[in-house]
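If you want the building blocks of each chain, they are given just below.
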Amino acid sequence: MTTTLGRGLAPVRDQLPNGAVLIAKESRTTPAVTIHAAFEAGIVFDPPAHGGVAHLVSRMLDRGTETRSAAQIADDLDSRGVSLSVSVNRHVISLMCNCLAEDFDAILALVADVARNATFPEQELATRRAAGITMIRQDEDNRANMAMEGLLRQLYPDHPYGTRPRGSVESVERIPRTALQAFHRE
């Protein structure tokens, strides 16, 4: 990348040959770096047969890669005082963390590994699936949440905005590991 970081309040935007967009802003107040990687992979991209797959993928990304187990990922982050946050919304899955500038290369490599090489281990899938089902049941006990989901179903009957963000208990129970892998690959 040939772009130099912006000075002051002006961020710099650059697009890499692979289409990735980088936005950087230099601040000399702290020797820290924020990494925020966002991918167009939110719930609107859930396959119709697998409602909730984007949510489940977001809960599984940091549970193992081709070169690191979930424990190794956690140890690598903990040893540098970094916590990785993975979230999903209607349009994107995001990975975010803050690290010291001196740890930037190592943490960026770890975030890239998690984003690109997640393996979705079966034993972790069972745990995350159960947690997801618990969240869905909690949502079902929340009247305000159910009212909002009902309104969105009425407003968007033939659009992903009208679907349940975490899927249903039935759909999440049926999501195979291969669906997570396919969603991630796509």
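Up top is the structure.
What you see is a predicted model, and the numbers here were worked out from it, not measured in a lab.

Student: Residues and numbers for the sheet that holds strand β3 (residues 32-40), please.
Tutor: Reading across the sheet, the three strands line up as β3-β5-β4 and stay open at both edges, with antiparallel pairing between neighbours. Unpaired on one side and paired on the other, β3 and β4 (85-88) mark the two borders of the sheet. In this sheet, neighbouring strand axes are inclined to one another by 15 degrees on average, regardless of whether the strands run parallel or antiparallel. Bridge count for β3 against strand β5 (residues 92-100) is nine bridges, and the pairing is antiparallel.

Student: Before we move on, could you go through the packing of helix α1 (residues 53-60) against helix α4 (residues 122-140) and cite the residues and values that matter?
Tutor: Where α1 contacts α4, the axes come no closer than 10 Å and their chain directions differ by 125 degrees. By the angle between their directions, the pair α1 and α4 is classed as oblique. Handedness of the α1/α4 crossing: right-handed. Taking contact as the criterion, the partners of His-55, Leu-56, Arg-59 and Met-60 in α1 are, on α4, Glu-124, Leu-125, Arg-128, Arg-129 and Met-135. Considering only residue class, the contact of α1 with α4 consists of four nonpolar, one polar and four charged.

Student: Go over the side chain of Asp-139 with me, naming the residues and quoting the values.
Tutor: Position of Asp-139 relative to the elements: it lies in helix α4. Those residues within four positions of Asp-139 in sequence are excluded, and the remaining contacts are Asn-145, Met-146, Arg-164 and Arg-166.

Student: Let's hear about the environment of Leu-125: which residues, and what values?
Tutor: Turning to its location among the elements, Leu-125 is positioned in helix α4. Residue classification places Leu-125 among the buried residues on the basis of a relative accessible area of 1%. In this structure the C-alpha to C-alpha distance between Leu-125 and Leu-151, which are 26 residues apart in sequence, comes to 31 Å. Not counting the four nearest positions on each side in its chain, Leu-125 is found in contact with Leu-56, Met-60, Arg-177 and Leu-180.

Calculation criteria
Residues numbered from 1 in each chain as written. Predicted model: local features only at pLDDT ≥ 70, side-chain atom pairs only at ≥ 80, totals over all residues. Heavy atoms only, no water. Pairing = 2+ DSSP bridges. Helix = DSSP H or I, 4+ residues; strand = E, 2+ residues; numbered from the N terminus. Axes fitted to C-alpha atoms, helices over the stretch in contact; angles between N-to-C directions. Parallel < 35°, antiparallel > 145°, perpendicular 65-115°, else oblique. Left-handed = near helix turned anticlockwise from the far one by under 90°. Contact = heavy atoms within 4.5 Å. Nonpolar A, V, L, I, M, F, W, Y, C, P; charged D, E, K, R; others polar. Buried < 20%, exposed > 50% of the residue type's maximum accessible area, 1.4 Å probe, protein only.

The values reported here are purely geometric and, on their own, carry no functional implication.
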